[in-house]
Amino acid sequence: NAYETIRVETRGRVGWITLDRPEALNALNRQVMRDLVAAATAFDADEGIGAIVVTGSERAFAAGADIKEMEGLRGRDFAVGGGFDQWRAFADIRTPVIAAVAGYALGGGCELAMMCDVILAADSAKFGQPEITLGVIPGIGGTQRLIRAIGYYKAAELVLSGRTIDAAEAERIGLVSRVVPAAELLDEADALAQGIAAKPLPALYAAKAALDAALEVPLAEGLRLEKHLFASLFDTEDQKEGMAAFREKRPPEFRHR
Ligand code: HXC
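Computed from a predicted structure; not experimentally measured. (Residues numbered from 1 in each chain as written. Predicted model: local features only at pLDDT ≥ 70, side-chain atom pairs only at ≥ 80, totals over all residues. Heavy atoms only, no water.)

Bringing helix H5 (residues 142-150) into the picture now. The set of residues buried in H5 consists of Gly142, Leu146 and Ile150. Relative to the axis of H5, the buried residues are bounded by an arc of 20 degrees and lie together on one face. Where H5 is buried, its residues touch helix H4 (108-114) and helix H6 (152-161). Gly151 sits one or two positions beyond H5 and adopts a positive phi of about 90 degrees. (Buried < 20%, exposed > 50% of the residue type's maximum accessible area, 1.4 Å probe, protein only. Helix = DSSP H or I, 4+ residues; strand = E, 2+ residues; numbered from the N terminus. Arc of directions from axis to C-beta. Contact = heavy atoms within 4.5 Å.)

Structure representation (structure tokens):
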């Protein structure tokens, strides 16, 4: 294991990243950011990987940015390239990422989950943006992604009050994809990830790119992008194979190109 704060493992076409700072409830210090970004970008560059799972422990996905590390910082420490800028690279990876969340996903932990494409939650999961209590606000996407996920009024209530919500409420308001019993979280995450990773890689990249764009661009531009990505897939081997397999009534054998 080349990393200090995470464990990394490959299961078939799925890359697993497990946050491993139990002494601090997986608080996201700069080393966690560096390790997580390095591991995720390495999986992203590997065509043998079709999905990534990020998870924590039973007690905490991540209890936020590391408050003890942040406490003494000044505004200038967040100049371009400093602070938490490397998190951007995590959000930019092209491979689908599933967050498997048990226990606390607070502050930066909630923001990390929202940088993923699917959030699978254990019934023990707790989400929130408590930064306001510390005299700050979410800093790696919390205000922007929460509004896009759950709408202005629910997001504003959570960000302004710092209130923590349980898995059932998170599911009701659309913050999580699905809730499962805590004991089944890792098996469910693996099954979901294996199913995604078996799909043709060019189509997975295109689907994620189109979905991501939908949160950023006007409808007409998004529709244009979708059309171009859709068309480009007709120049892949996997499209020919997928459609031939359908016609021949057999399972497809994708080569992920
Ligand atoms: C540093 C943390 C931490 C954090 C927990 N710990 N959260 N250390 N940064 N965010 C440490 C505690 O200090 C303690 O270590 C150990 O983990 C166990 O935590 P306890 O508090 O003893 O556990 P418990 O009583 O069960 O309470 C759990 C908790 C609480 C409710 C999650 O730890 C908590 O409120 N944590 C802070 C949550 C938070 O405010 N997150 C937002 C951070 S700001 P010691 O050694 O002291 O016993 C943020 C900004 C993001 O995320 C912006 C950009 C990234």
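As a further point, take the nonpolar core. Grouped together as the largest cluster of nonpolar side chains are 48 residues, with contacts concentrated most on Trp87, Phe90, Phe127 and Leu175. Here Leu175 is in contact with Cys110, Met114, Ile119, Phe127, Leu146, Ile150, Ile165 and Ala170, once residues within four sequence places are set aside. Counting residues in each nonpolar core, the second largest holds 18 residues, with Val14, Val53, Val180 and Tyr205 among its members. (Core = buried A, V, L, I, M, F, W, Y, C linked by side-chain atoms within 4.5 Å.)

Right, let's talk about the side chain of Thr95 for a bit. Its place among the elements puts Thr95 in the loop between helix H3 (87-91) and strand E5 (97-101). A polar atom in the side chain of Thr95 sits 2.5 Å from the side chain of Asp44. (Polar contact = N/O pair within 3.5 Å; in protein donor to acceptor, adjacent residues only side chain to side chain.)

Our next topic: the site of the ligand. The ligand sits among 23 residues. The nearest are Arg59, Ala65, Ile67, Lys68 and Gly108. The side chain of Arg59 places a nitrogen or oxygen atom 2.8 Å from an oxygen atom of the ligand. In this structure, Lys68 approaches the ligand through a side-chain N or O atom, which is 2.9 Å from an oxygen atom. Surface burial for the ligand is 67%, taken as the share of its 1,000 Å² of free accessible area covered by protein chains. Residue contributions to the shell around the ligand peak at three residues, all from helix H2 (residues 67-70). Of the residues contributing to the shell around the ligand, the split by class is 13 nonpolar, four polar and six charged. (Near = heavy atom within 4 Å. Areas by Shrake-Rupley, 256 points an atom, 1.4 Å probe, with all protein chains shown as cover. Nonpolar A, V, L, I, M, F, W, Y, C, P; charged D, E, K, R; others polar.)

Considering all chains together, one arrives at four aromatic pairs under this definition. Judged by centre distance (6.5 Å) and plane angle (85 degrees), the rings of Trp87 and Phe90 are edge-to-face. Of this pair, Trp87 and Phe90 both sit in helix H3, three residues apart, roughly one helical turn. Taking relative accessible area as the criterion, Trp87 reaches 3% and is therefore assigned buried. Phe90 sits in the buried class, given a relative accessible area of 1%. Where Tyr152 meets Tyr153, the ring centres are 5.1 Å apart and the plane angle is 80 degrees; that geometry is what we call edge-to-face. Judged by relative accessible area, Tyr153 falls into the exposed class, the value being 70%. Above the plane of the ring of Trp16 lies Arg11, whose end atom (NZ or CZ) is 4.2 Å from the centre. (Phe/Tyr/Trp six-rings, centres within 6.5 Å; stacked < 30°, edge-to-face > 60°. Lys NZ or Arg CZ within 6 Å of the ring centre and 35° of its normal.)

Here we come to the sheet that holds strand E4 (residues 60-62). In spatial order, the strands read E4-E6-E8-E9; together these four strands make up an open sheet with mixed pairing. What marks the edges here is a single partner per strand, and that holds for E4 and strand E9 (164-166). For this sheet, the mean inter-axis angle between neighbouring strands, taken without regard to orientation, is 20 degrees. Pairing of strand E6 (residues 104-106) with strand E8 (residues 126-128), which is carried by three bridges, proceeds in the parallel orientation. Bridge assignment links Ala105 to a residue of E8, and that residue is Phe127. (Pairing = 2+ DSSP bridges. Axes fitted to C-alpha atoms, helices over the stretch in contact; angles between N-to-C directions.)

On to the pattern of salt bridges, then. Taken as a whole and assessed by the stated rule, the structure comprises 16 salt bridges. For Arg163, the salt bridge goes to Glu169, with nearest N and O atoms at 2.9 Å. With its nearest N and O atoms 2.7 Å apart, the salt bridge here joins Arg250 to Glu241. What emerges from the salt-bridge pattern is a single network uniting Glu241, Arg247, Glu248 and Arg250. (Salt bridge = Lys/Arg side-chain N within 4 Å of Asp/Glu carboxyl O.)

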